[in-house]
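Fold and geometry: a report
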Amino acid sequence: MNDRHKNNIIETVANLTATQAATELAILAEDISRHDAAYHKNDEPIISDAEYDALRQLNSAIEDAFPKLIRDDSPSKRVGTQPAAGFSKIRHSRPMLSLDNAFDRDDVESFMGRVRRFLGLPQETQVDIVAEPKIDGVSISLRYEHGAFTQAATRGDGTQGEDVTPNVATINDIPQILKNRAPDVVEIRGEVYMRHDDFEALNASRKAKGQPVFANPRNAAAGSLRQLDASVTAGRNLRFFAYASGELSVSVSDTHWDWLRNLREWGFCVNPHSTLCESLDKTLRMYQQTSEGRSSLPYDIDGVVYKINRHDWQERLGKVSRAPRWAVAHKFPAAQAQTLLENITIQIGRTGALTPVANLRPITLGGVVVSRATLHNQQEIERKDVREGDTVIIQRAGDVIPQIVRVIKEKRAENSTPYPFPTFCPCHLKTPVIRKDGEAVTRCSGELACPSQQLERIRHFVSRNAFDIDGLGEKQVATFFERGLIKTPVDIFVLEENDSKSVDQLKNWEGWGEKSASNLFTAINSRRTIGLDRFIYSLGIRQIGQATALLLAQHYGDLPAWRTAMSVAAKERANNKGEFKKPELVGEAYAALCNIDHIGIVVADDLMSFFGKEHNIDIIERLSTHLQIEPLAQRSAKSPISGKTVVFTGTLSTMTRAEAKAKAEAFGAKVSGAVSNKTDYVVTGTDAGSKAQKARNLEIKVLSEIEWQQLMHGPTG
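A closer look at the overall build of the protein chain
A tally of helices and strands in the protein chain yields 27 helices and 26 strands. Partitioning the intrachain contacts of the protein chain with sequence separation of at least 6 by distance along the chain shows that 68% fall at a separation of at least 24. Per element, the accessible surface of the protein chain, about 34800 Å² overall, is 48% carbon and sulfur.

Quick notes on the pattern of salt bridges
Under the definition given, this model contains 31 salt bridges. When the shortest N-O distance is used, the salt bridge between Glu132 and Lys307 registers 3.1 Å. Note that Glu132 is positioned in strand S3 (residues 129–135) and Lys307 in strand S10 (residues 301–308), a separation of 175 residues in sequence. Like Glu132, the residue Lys307 is buried in the burial classification. The salt bridge involving Arg143 is made with Glu145; its shortest N-O contact spans 2.9 Å. You can call Glu145 partly exposed: its relative accessible area is 32%. One network of salt bridges, with partners in common, ties together Arg143, Glu145, Glu187, Arg189 and Glu247.

A closer look at the nonpolar core
Core analysis: the largest hydrophobic core is formed by 61 residues, its most contacted members being Ile492, Phe535, Trp562, Leu593 and Leu607. Excluding its chain neighbours within four sequence positions, the residues that come into contact with Phe535 are Phe467, Ile530, Leu559, Ile620, Leu623, Leu627 and Ile629. Membership of the second largest hydrophobic core comes to 35 residues, among which are Phe149, Ile188, Val192 and Phe268.

Details of the environment of Gly318
Topologically, Gly318 is positioned in the loop between helix H12 (311–317) and strand S11 (319–320). In this structure Gly318 comes out as partly exposed when scored by relative accessible area, which is 24%. For Gly318 and Lys663, which are 345 residues apart along the polypeptide, the C-alpha to C-alpha distance reads 8.3 Å. Residues in contact with Gly318, not counting those within four places in the same chain, are Pro324, Arg325 and Trp326.

Here's the deal with the pairing of strand S26 (residues 701–704)
Pairing geometry for strand S25 (residues 681–684) and S26, over four bridges, is parallel. Bridging across to S26, Val683 finds its partner in Leu703. Crossover handedness for the path S25 to helix H26 (residues 690–697) to S26: right-handed.

Quick look at the packing of aromatic side chains
Taken as a whole, this structure holds 18 aromatic pairs when the rule is applied. Here a set of aromatic residues connected by ring pairs shows up, and it is made of Tyr144, Phe149, Phe240 and Phe268. When the ring centre of Trp509 is taken as reference, the NZ or CZ atom of Arg483 above it lies at 3.8 Å. Across the ring face of Phe481, the terminal group of Lys487 is positioned such that the distance to the ring centre comes to 3.9 Å.

Looking at the environment of Ile346
Structurally, the position occupied by Ile346 is in strand S14 (residues 336–348). Looking at Ile346, the relative accessible area reads 18%, which means it is buried. When the C-alpha atoms of Ile346 and Pro426 are compared, they prove to be 7.3 Å apart, with 80 residues separating the residues in sequence. Contact partners of Ile346, with chain neighbours within four places excluded, come to Leu354, Thr355, Pro356, Tyr419, Phe421, Pro422 and Pro426.

Let's talk about the confidence of the model for the protein chain
The predicted model of the protein chain averages 86 in pLDDT, with 89% of residues at 70 or higher. Throughout residues 1–6 the model reports pLDDT below 50, and contacts reaching past four residues in sequence, or to other chains, amount to seven contacts. Per-residue pLDDT stays below 50 along residues 77–85; that stretch engages in 24 contacts with residues further than four places along the chain or on separate chains.

What about unusual backbone geometry?
Phi at Asn237 is positive, roughly 55 degrees, even though this residue is not glycine. By secondary structure assignment, the location of Asn237 is in the loop between helix H9 (230–234) and strand S8 (239–248). Asn237 gets classed as partly exposed once you look at its relative accessible area, which sits at 42%. The phi dihedral of His376 is positive, around 70 degrees, even though this residue is not glycine. Relative to the elements of secondary structure, His376 occurs in the loop between strand S16 (368–374) and helix H13 (378–384). Residue His376 is classed as partly exposed on the basis of its relative accessible area, which comes to 39%.

Scoring rules and cut-offs
- Residues numbered from 1 in each chain as written.
- Predicted model: local features only at pLDDT ≥ 70, side-chain atom pairs only at ≥ 80, totals over all residues.
- Heavy atoms only, no water.
- Helix = DSSP H or I, 4+ residues; strand = E, 2+ residues; numbered from the N terminus.
- Contact = heavy atoms within 4.5 Å.
- Areas by Shrake-Rupley, 256 points an atom, 1.4 Å probe, with all protein chains shown as cover.
- Salt bridge = Lys/Arg side-chain N within 4 Å of Asp/Glu carboxyl O.
- Buried < 20%, exposed > 50% of the residue type's maximum accessible area, 1.4 Å probe, protein only.
- Core = buried A, V, L, I, M, F, W, Y, C linked by side-chain atoms within 4.5 Å.
- Pairing = 2+ DSSP bridges.
- Right-handed = clockwise from strand over helix to strand, strands pointing away.
- Phe/Tyr/Trp six-rings, centres within 6.5 Å; stacked < 30°, edge-to-face > 60°.
- Lys NZ or Arg CZ within 6 Å of the ring centre and 35° of its normal.
- pLDDT = per-residue confidence, 0-100.

What follows is the structure in structure tokens.
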């Protein structure tokens with residue numbers, strides 16, 4: 001607790017009478033209990049750790065000053081000791097990636113086919129796979145220096161997570177000192193989980209004490225790991241399976257199978273059902289056996305993870321966006337259940353998409369209470385003939401997203417009628433909806449005048465992978481929007497200034513207070529510096545996800561360059577009526593955008609639609625006055641090709657075209673599909689064709705494949 005915060009609490013408590021103190025303790029007991037239930041039962045906290053910590057500190061201070069007023073339901077009695085400070089953030093030395101999913105044999109065959117094509121492997125080449133049960137727990141990264149445990153962090157957003165070192169240190173499966181000789185720096189990634197018997201004992205104990213129970217072992221593990229008091233974590237019998245690596249000062253194995261052997265020798269638990277598979281058939285047999293024996297395991301799993309065994313192949317395959325190309329999660333069939341579809345409502349997304357949502361009679365499915373399921377779009381409703389009042393079969397796809405599988409038509413009421421999809425947006429503007437030819441999505445035509453779109457864009461702007469502002473979740477954004485305080489993203493960064501001038505200040509609102517308001521303003525101010533890729537993603541432009549935002553940031557470098565190029569391209573694309581010209585008639589800026597690898601005309605035109613509206617350009621201009629938007633740090637600052645634009649042409653002999661592009665991007669280069677006067681290098685294989693000739697005509701450096709390799713890595717001996 002810092003001195004200023006401590007003094008504020010001392011001053012607050014000193015001014016309390018006994019009657020006021022009793023009232024405050026009653027309110028705090030109720031509030032903290034409510035937040036505990038939200039956190040532990042659902043693993044969905046509704047306030048930040050700092051706000052929660054402040055409530056507990058105030059409760060303890062009042063009890064110290066008025067010991068006779070300590071309540072039977074006091075939070076201090078439930079937890080036992082004063083909580084530590086909230087969790088700090090740790091930036092991962094290497095990103096903690098998520099996994100793409102496979103749901104059937106075709107998906108697994110497609111994964112193997114992509115691996116072979118990327119690496120250019122003949123069909124007869126054996127590709128060994130390590131298959132590991134996918135533990136349904138909480139991902140953790142452990143850091144060891146000179147053999148000693150020093151740090152633990154949650155996965156978080158993959159780039160940075162929460163520092164949970166004291167809590168993880170209480171887990172018996174995690175050694176404090178590695179048994180055998182290990183690299184000076186080694187990071188172990190794995191899964192913290194809770195066994196079924198420990199979960200049942202914990203819930204029985206909580207129920208006996210009148211405390212809320214956990215919904216499933218994964219939520220119990222997550223809630224236990226994020227305790228502010230490590231002694232609570234220590235009493236929860238958490239377990240750990242190790243399976244992957246992060247930073248290593250030196251390599252210790254050539255294959256993943258050998259890596260697992262190293263983990264065992266260092267004293268870690270490795271899942272005993274992990275299997276080395278020499279063929280696709282053996283891999284799928286292991287999956288089938290694991291699926292059939294799933295119910296007999298003492299812990300939850302939700303699939304099997306397949307990893308390419310050879311580390312040199314993993315290195316070559318690399319990653320795309322936030323998932324490795326060398327691994328995939330083969331998920332088990334989704335759990336299903338039968339329930340009643342009570343009614344259908346329409347949600348409006350940030351791009352104006354109307355998404356029908358089925359509101360269901362609540363039912364427990366896979367340990368989670370499900371009350372809503374997506375119906376995707378109008379065509380999906382019509383295809384499945386889903387109606388209000390129907391009895392339906394639902395499932396959690398990938399054990400996560402609830403969806404309707406089918407309708408049980410034998411149970412349909414005789415007076416049932418088809419669902420009439422709206423022809424006007426449900427927002428108060430009641431603007432007509434439109435569905436373009438060839439598109440499944442129906443959209444509100446009101447665009448940014450539609451309040452629902454405005455609200456969803458702001459929610460996207462502050463979401464985890466965008467600005468990630470603590471204390472500004474969906475409910476808070478909706479409240480500020482309804483009160484007119486936040487109508488655009490810019491309003492977030494003048495909220496404190498406007499609040500100071502208001503007669504109805506945030507600290508006086510119900511459920512708030514001076515501390516919680518101050519915490520929110522601090523969280524907002526801490527996000528005034530952001531990387532260009534996250535900034536681009538935060539704008540909520542249609543089809544611009546994290547991977548494409550990163551690609552744009554890599555290609556254009558900084559905000560002024562990107563903003564200028566997009567504005568010029570938008571003017572080139574539009575005719576004097578504001579309509580799109582034919583792509584072949586536009587200018588150089590638009591052509592350069594389309595030629596960025598993985599962009600193309602469809603994505604480019606959504607960017608042009610965004611930059612064709614003055615309102616959007618004004619938002620970017622105004623945001624740039626309140627923010628420091630940092631250029632994307634090149635992945636390899638010492639690389640001679642960092643920031644250079646390269647075009648590949650012809651058939652390469654040492655690697656596939658896909659691998660060559662991926663490696664160039666990993667070294668900080670920008671890959672384009674066409675030669676222009678902005679191209680730095682053209683790399684030629686056999687049958688290079690017209691691109692090589694155009695490069696020579698423009699006096700652009702043309703490199704052979706060997707020369708390109710030497711430029712990236714330096715000459716080989």
